[in-house]
Amino acid sequence: VTCALVNINSINPSSSTATFRDFLDSRAGETVTGNMVSCLWMAIAHQRWHNISFSPDSVLVPLRNLALCRPSLLPLLASLGVIEPLHQVLKTFQSCTKSLMCLGLGCELLCMLSSDRALHLKLNRLGILPTVHLMKLEAEVRQIKEGPEGLAWAAVALFARETEDRLTEAPFALLMALHPRLGRNSQLMPLDEAVLSLIIDYAFFG
């Protein structure tokens, strides 16, 4: 029911009812959002949730729509463990139309999660970056195919590239600042090791 409500209200987020928005922000909304994440795990594992079978895309679509219409819920989704099953979607991709749809939805959700700098530590600790990088390389090759399949791969390449750029932006900037030539006038150079180590930890792990 929640999946259907999310899909309906996300068609035009500005017209979604105040009751629905208040529900999402309530403790009950947090519970049902957590149930959606549980359903995603069950769908990936081909298991039933309370005697109901879900396909991964049937859960990924409302989760994507939820993130689109309520970006403020991204930290909640991360805290409820949505990153792990999304990572699994990328790692277990199989060459079929349905799996490609799931892959696109998973990459889009990870891209939205990476827009929150506070979530970079969790994303990096779960090893998202290497997986996204490999998926980007594969998608850039496959996007040359004609028709809907090529367009789907182009979308995967776009989301994977943007996610990778966000997760590597701070480390690359730091490495450039510490480079003998590129960072010749960098304000990081005079800093002592203790302060610099804190900056390095933040840049690489969020």
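The preceding data block contains the structure.
A. Looking closely at the side chain of Thr168. As for its placement among the helices and strands, Thr168 is situated in helix α10 (residues 147-178). A polar side-chain atom of Thr168 sits 2.7 Å from the main-chain carbonyl oxygen of Glu164.

B. Representation of the packing of helix α3 (residues 27-44) against helix α6 (residues 83-91) within the structure. One can describe the packing of α3 onto α6 by two numbers: an axis separation of 9 Å at closest approach and a directional angle of 30°. Classified by the angle between their axes, α3 and α6 sit roughly parallel to one another. Both α3 and α6 take part in a crossing whose hand is left-handed. Taking contact as the criterion, the partners of Leu40, Trp41 and Ile44 in α3 are, on α6, Glu84, Pro85, Leu86, Gln88 and Val89. Partitioning the contact of α3 with α6 into residue classes produces six nonpolar, one polar and one charged.

C. Representation of the packing of α3 against helix α4 (residues 56-69) within the structure. Taken N-terminus to C-terminus, the directions of α3 and α4 make an angle of 150°; their axes are 8 Å apart at the nearest point. In terms of crossing hand, the pair formed by α3 and α4 is left-handed. Where α3 abuts α4, its residues Thr33, Met36, Cys39, Leu40, Ala43 and Ile44 lie against Pro56, Val59, Leu60, Pro62, Leu63 and Leu66. A breakdown of the residues in the contact of α3 with α4 according to their chemical character gives eleven nonpolar, one polar and no charged.

D. Structural detail: unusual backbone geometry. Unusually for a residue other than glycine, His46 sits at a positive phi of about 60°. With respect to the helices and strands, His46 occurs in the loop between α3 and α4.

E. Examining α10 more closely. If you check α10, its first and last C-alpha atoms are 46 Å apart, about what 32 residues at 1.5 Å a residue would give, namely 46 Å. When the local axis directions of α10 are compared, the greatest deviation, roughly 45°, occurs at Thr168, which is followed within four positions by the proline Pro171. When α10 is considered as a whole, its buried residues turn out to be Gly150, Trp153, Val156, Ala157, Ala160, Thr163, Glu164, Leu167, Thr168, Pro171, Leu174 and Ala177.

F. Expanded view of the packing of aromatic side chains. Across all of its chains, the model carries one aromatic pair by this definition. When the ring of Phe93 is compared with that of Trp153, the centres are 5.3 Å apart and the planes differ by 85°; the resulting orientation is edge-to-face. Placement of Phe93 in the loop between α6 and α7 (97-114) and of Trp153 in helix α10 is noted, with a sequence separation of 60 residues between them. The two residues Phe93 and Trp153 agree in class, both being buried.

G. Region of interest: the nonpolar core. Counting residues in each nonpolar core, the largest one holds 42 residues, and the members touching the most others are Leu103 and Leu113. Among the secondary structure elements, those contributing two or more residues to this core are α3, α4, α5 (74-79), α6, α7, α9 (128-142) and α10. Per element, the largest residue contribution to this core is nine residues, and it comes from α7. When residues no more than four places from it in sequence are discounted, the contact partners of Leu103 are Val89, Leu90, Phe93, Met135, Trp153 and Val156. By size, the runner-up hydrophobic cluster in this structure holds five residues, among which are Leu174, Ala177, Leu188 and Leu196.

H. Representation of α9. The terminal C-alpha atoms of α9 lie 21 Å apart, and with 15 residues this matches the ideal 21 Å at 1.5 Å per residue to within 8%. Considered for burial, the residues of α9 that qualify are Ile128, Thr131, Val132, Met135, Lys136 and Ala139. The buried residues of α9 occupy an angular sector of 140° when the element is viewed end-on, so they sit on one face. Away from the buried face of α9 by more than 90 degrees, exposed residues Leu134 and Val141 are located.

Calculation criteria
Residues numbered from 1 in each chain as written. Predicted model: local features only at pLDDT ≥ 70, side-chain atom pairs only at ≥ 80, totals over all residues. Heavy atoms only, no water. Helix = DSSP H or I, 4+ residues; strand = E, 2+ residues; numbered from the N terminus. Polar contact = N/O pair within 3.5 Å; in protein donor to acceptor, adjacent residues only side chain to side chain. Axes fitted to C-alpha atoms, helices over the stretch in contact; angles between N-to-C directions. Parallel < 35°, antiparallel > 145°, perpendicular 65-115°, else oblique. Left-handed = near helix turned anticlockwise from the far one by under 90°. Contact = heavy atoms within 4.5 Å. Nonpolar A, V, L, I, M, F, W, Y, C, P; charged D, E, K, R; others polar. Expected span 1.5 Å × (residues − 1). Bend = angle between axes of the 7 residues up to and from the residue. Buried < 20%, exposed > 50% of the residue type's maximum accessible area, 1.4 Å probe, protein only. Phe/Tyr/Trp six-rings, centres within 6.5 Å; stacked < 30°, edge-to-face > 60°. Core = buried A, V, L, I, M, F, W, Y, C linked by side-chain atoms within 4.5 Å. Arc of directions from axis to C-beta.

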